[in-house]
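Coordinate inspection notes
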Amino acid sequence: MKNKAGLTLLLSASLLVLSTVPAGAVQERADKPVLTFPVISDVHVDAAKKESQRKFTEALEDLNRVNPNADALVINGDLTGGSARDYTRLKELMMSTPHPQKTFATIGNHEFYSAWLNAKGNWSPNSFPNKETEAASIGRFLSFTGEKKVYYEEEIKGYPFIFLGSEQYRQTNPDNMEDAYLSKEQLNWLEQSLARHGQESGKPIFVFLHQPLPGTVAGTSVASNKRPVVQHEELRSILSKYPQVIFFSGHTHWELRQPNTLVRDKFTMVNSSSVERPWTSDGQGGEKLKDAKESEGLYVEVYEDRVSIQGRDFYAKKWIPEAQFKVPVGK
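Residues numbered from 1 in each chain as written. Predicted model: local features only at pLDDT ≥ 70, side-chain atom pairs only at ≥ 80, totals over all residues. Heavy atoms only, no water.

Examining the packing of helix α1 (residues 50–66) against helix α2 (residues 84–96)
- α2 packs onto α1 with a crossing angle of 35° between their chain directions and a minimal axis gap of 10 Å. The chirality of how α1 crosses α2 is right-handed. When α1 is examined against α2, the residues Gln53, Phe56 and Thr57 are found in contact with a partner set consisting of Arg89, Leu90, Leu93 and Met94.
- Its residues placed into classes, the contact of α1 with α2 shows four nonpolar, two polar and one charged. (Axes fitted to C-alpha atoms, helices over the stretch in contact; angles between N-to-C directions. Helix = DSSP H or I, 4+ residues; strand = E, 2+ residues; numbered from the N terminus. Left-handed = near helix turned anticlockwise from the far one by under 90°. Contact = heavy atoms within 4.5 Å. Nonpolar A, V, L, I, M, F, W, Y, C, P; charged D, E, K, R; others polar.)

Right, here's the structure in full:
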């Protein structure tokens, strides 16, 4: 799957205001967006699990009904369980289901999960890493995307997307856990990319990484997500220099109805929930699974003066009232 595209948009810190828009309002005025793209994550397509496949295709079909002419699609990590047969099935589903031709993906922690499977394909943590290398896991992801590295940037209609991705898993360091490991080379590349795009006054910059920053969007305060990015301090410092950044993440699976779906702290951060199975707060500082039928994602429209980010319920085929945001943009 080789698809090229990119987005560049810049937001001004002084003018940035976050607000909700009426439920079901795909666009607030008669003007037309200059760019449109869905952002979905945590689809977890498994060749042996029909339910994961059904939810993925239903999400694509619903988004196609919303806008059959969207400019791009972003799948923000946890595409599969990491095995070759999972990727094969994912390719088959995408070939048979309508979706934007320009499709981009980030690597998630589950892309490394072949390390948990033995030769028979059974879950076997006692024999981890089951002769699986990080290079092999990354290689299958890159083969699927057609990219050379897990971090890259693309352009659509003059707007850049910046994609980041973990370069290590637990084989290199068990302390990495499920967190994203970003090398110094990747962070330096990010700084250079942001500096280049940050000179374009009046437009936002879209950045994508599967794992969120700790203590930000919904789900990042529970124990399992205390440090979703190993180099989180460095990453936050870099992104904080650019108030025009809109940073999309997945990983937590937390539903879009939660108050912290979108968070503003020097730059904008957005949680994208999960197509395969959203989670929610248990009301006691922990989390719990939502109903098995639930499935969610985002639909983004870019206008000359704002970015509209809307939560979509793929099961009900409706907009999520609590997740309707606009981010004004300008000089």
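Some words on the pattern of salt bridges
- Applying the stated criterion to the full structure yields 19 salt bridges.
- Here aspartate 265 ties to arginine 236 by a salt bridge, and the two come within 3.5 Å at their closest N and O atoms. Of the two residues, aspartate 265 is situated in the loop between β9 (262–264) and β10 (268–271) and arginine 236 in helix α5 (residues 232–239); the sequence distance between them amounts to 29 residues.
- Salt-bridge contacts for aspartate 291 lead to lysine 293; the nearest nitrogen and oxygen are separated by 3.5 Å. (Salt bridge = Lys/Arg side-chain N within 4 Å of Asp/Glu carboxyl O.)

A short note on the packing of aromatic side chains
- Evaluation of the coordinates by the stated rule reveals 21 aromatic pairs.
- When the centroid spacing of 5.8 Å and the interplanar angle of 80° are considered together, the rings of phenylalanine 161 and phenylalanine 163 count as edge-to-face.
- Phenylalanine 163 gets classed as buried once you look at its relative accessible area, which sits at 0%.
- In this structure an aromatic cluster arises from ring pairing among Phe37, Phe104, Tyr152, Phe161, Phe163, Phe206, Phe208 and Phe248.
- Positioned above the aromatic ring of tyrosine 159, the side-chain terminus of lysine 203 is 4.3 Å from the ring centre.
- Across the ring face of tryptophan 319, the terminal group of arginine 312 is positioned such that the distance to the ring centre comes to 4.6 Å. (Phe/Tyr/Trp six-rings, centres within 6.5 Å; stacked < 30°, edge-to-face > 60°. Buried < 20%, exposed > 50% of the residue type's maximum accessible area, 1.4 Å probe, protein only. Lys NZ or Arg CZ within 6 Å of the ring centre and 35° of its normal.)

Concerning unusual backbone geometry
- In the segment running from phenylalanine 128 into proline 129, the intervening peptide bond is cis, with an omega of 10°.
- Looking at where proline 129 falls in the secondary structure, it is placed in the loop between β4 (103–106) and α3 (134–145).
- The phi dihedral of lysine 157 falls on the positive side, at around 50°, and the residue is not glycine.
- Within the fold, lysine 157 resides in the loop between β5 (152–156) and β6 (159–163).
- A positive phi angle, near 75°, is found at histidine 251, a position not held by glycine.
- Tracing the sequence through the fold places histidine 251 in the loop between β8 (245–249) and β9.

Notes on the confidence of the model for the chain
- Across the chain, pLDDT averages 90, with 90% of residues at or above 70.
- Taken together, the stretch residues 1–29 has pLDDT below 50 and engages in 124 contacts with residues farther than four places along the chain or on a different chain. (pLDDT = per-residue confidence, 0-100.)

Here's the deal with the environment of valine 230
- Structurally, valine 230 is set in the loop between β7 (205–208) and α5.
- Beyond its immediate chain neighbours, meaning those up to four positions away, valine 230 contacts Asn176, Asp179, Ala180 and Tyr181.

Quick look at the packing of helix α4 (residues 184–197) against α5
- Running from N to C, α4 and α5 point in directions that differ by 10°, and their axes come no closer than 10 Å. One finds that α4 runs roughly parallel with respect to α5. Across the interface between the two elements, Leu187, Leu190, Glu191 and Leu194 of α4 pack against Glu234, Leu235, Ile238 and Leu239 of α5.
- A per-class count over the contact of α4 with α5 returns six nonpolar, no polar and two charged. (Parallel < 35°, antiparallel > 145°, perpendicular 65-115°, else oblique.)

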